[in-house]
Amino acid sequence: MTQKASTLCVQAGWKPTNGEPRILPIYQSTTFKYDTTEQMADLFDLKASGYFYTRLQNPTNDKVAEKIAALEGGVAAMLTSSGQAANFYAIFNICQAGDHFVSAASIYGGTYNLFGVTMKKLGIEVTFVDADASEEEIQKAFRPNTKALFGETIANPVLSVLDIEKFARIAHKNGVPLIIDNTFPTPINCRPFEFGCDIVTHSTTKYMDGHAMTVGGCIVDSGNFDWEKYHDKFPGLTEPDESYHGLAYTKSFGKGAYITKATVQLMRDLGSIQAPQNAFLLNIGLETLHLRVPRHCENAQKVAEYLEKRPEVAWVNYSGLKSSPYYELAQKQFRDGQSCGVVTFGLKGGRDVAIKFMDSLKLCCIATHVADARTCVLHPASHTHRQLSDEQLLAAGIQPDLIRFSVGIEDADDIIADIEQALSSIKQ
Ligand SMILES: *Cc1c(COP(=O)(O)O)cnc(C)c1O
């Protein structure tokens, strides 16, 4: 019987045998010892599996990746040094100069920049599409050299909910994998593979770590995409790799092809490994993910409902509210309809009032972060997107008055009391 998420959070990954440490050890070692030259040579040729250098693989990291793979229902996973590295590797593993991919336009700002600016410099082009558009409309963005479709389950900070089944249909009709950044709902609330997604990425920096301790990322492969069927599109996976004596990943590693290539090629050459210390801390975060996420959502629901009733509030966006255009989709795609702990809203009076409100908060702190135990708040127009004019903000789907409120796991009454006193201060 497959185990439930709660059991996997606590026990998946590290499974000590007789007399081994109960807790996942930190393999604080750059290197690993072998008895013969031949044993080491076989590792370099990928004829045998084993550890030789932590830039490629480390046992602590692998056990944590295994836990995340189990939670997502995937066949293999790898940790990366950040969420940015995870999204870069996820695309770069199957795209090279001259290739193209399609992405939802409403995605995390850092990913938008990575795709639209930095990857363009590498000769990889992206077309951004409105994820809420019809299948016919999105189809128009595809070209013969398109290699992937990308989106976020819940976009940060716009909080739009992606119709994963719709995106999977479009991707598969075009013979490319669907890659989804599942950072905000986490596998506790949504498992994109169940809706046809092929590859999942995470910024583990957020709810998975959950305590704002470590920056990290993860890529999980469902093992479901048939690379060989589209042999010509994905030569990097299906054709011989000269840097490994002509081995072809799909032939040698089957369902493990995608993650193996990302490990032995991209990690080898680009080296965005997660520190084993950080993987250890991430693992502790994961042990309570199933307890924390529902509490974040319960508190966020209360905060959203409270805000909706206040006369000072112009609008509230949270998919748990019946007023949300994503309410139905959230009910279908998310466990108990629960999305995440992040709520966005606007105050009447715009930018200036938003700043006054935020400066008046006491319990909830201003931080460039989301999704950790402590309630924190950010005003994109004054912080992450401060170089943009109101018009540019709107073009990026961010209202100038948007306040991103990341609801923590404190008592909801105390969070609401803090909002209440800050709201009363803006009237003065
Ligand atoms: C934060 C975030 C990222 C980037 O992750 P880092 O760990 O900060 O590099 C990517 N996607 C989403 C949805 C995020 O929220």
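Here the structure is a predicted model, which is why all the values come from computation and not from measurement.

**Student:** For this particular structure, what's the right way to read the site of the ligand?
**Tutor:** Neighbouring residues of the ligand: 16 residues in total, closest G83, D181, S203, T205 and K206. Here a nitrogen atom of the ligand and a side-chain polar atom of D181 are 2.7 Å apart. When the ligand is considered free in solution it has 380 Å² of accessible area, and contact with the protein chains removes 92% of it. At 3 residues, helix 4 (residues 83-92) tops the list of elements feeding residues into the shell around the ligand. The residue makeup of the shell around the ligand, split by class, is 3 nonpolar, 10 polar and 3 charged.

**Student:** Please explain the sheet that holds strand 9 (residues 342-347) as it appears in this structure.
**Tutor:** Remark on secondary structure: sheet strands pair via backbone hydrogen bonds, oriented parallel or antiparallel. Overall, mixed pairing links the 5 strands, which are arranged 8-9-12-11-10 in an open sheet. Edge strands, defined here as strands with exactly one partner in the open sheet, are strand 8 (313-317) and strand 10 (365-366). Of the strand pairs in this sheet, strand 9 and strand 12 (residues 403-406) are connected by 4 bridges, and their pairing is antiparallel. Bridge pairing in strand 12 places V342 opposite S406.

**Student:** Explanation requested: the pairing of strand 5 (residues 178-181) in the structure shown.
**Tutor:** Consecutive side chains along a regular strand alternate between the two faces of the sheet. Both faces of strand 5 are covered, namely the face carrying L178 and I180 and the face carrying I179 and D181. Looking at chain direction, strand 4 (residues 146-152) and strand 5 are connected through 4 bridges and run parallel. The partner of G151 across the bridge, within strand 5, is I180. Between the parallel elements strand 4 and strand 5, the chain passes through helix 7 (residues 164-173) in a crossover that is right-handed. As judged from the 3 bridges shared by strand 5 and strand 6 (residues 199-203), these two strands associate in the parallel manner. From the neighbouring strand, I180 faces strand 6, where its bridge partner is V200.

**Student:** Looking at this structure, I do not really get the sheet that holds strand 1 (residues 76-80). What am I missing?
**Tutor:** Pairing within the open sheet is mixed, and its 7 strands lie in the order 1-7-6-5-4-2-3. Each edge of the sheet is formed by a strand with only one pairing partner; in this case those strands are strand 1 and strand 3 (125-129). Each strand axis lies, on average, 20° off the axis of its neighbour in the sheet, ignoring direction. Looking at chain direction, strand 1 and strand 7 (residues 217-221) are connected through 5 bridges and run antiparallel. Bridge assignment links T80 to a residue of strand 7, and that residue is G217.

Procedures and definitions
Residues numbered from 1 in each chain as written. Predicted model: local features only at pLDDT ≥ 70, side-chain atom pairs only at ≥ 80, totals over all residues. Heavy atoms only, no water. Near = heavy atom within 4 Å. Polar contact = N/O pair within 3.5 Å; in protein donor to acceptor, adjacent residues only side chain to side chain. Areas by Shrake-Rupley, 256 points an atom, 1.4 Å probe, with all protein chains shown as cover. Helix = DSSP H or I, 4+ residues; strand = E, 2+ residues; numbered from the N terminus. Nonpolar A, V, L, I, M, F, W, Y, C, P; charged D, E, K, R; others polar. Pairing = 2+ DSSP bridges. Buried < 20%, exposed > 50% of the residue type's maximum accessible area, 1.4 Å probe, protein only. Right-handed = clockwise from strand over helix to strand, strands pointing away. Axes fitted to C-alpha atoms, helices over the stretch in contact; angles between N-to-C directions.

Read these as geometric descriptors, not functional statements.
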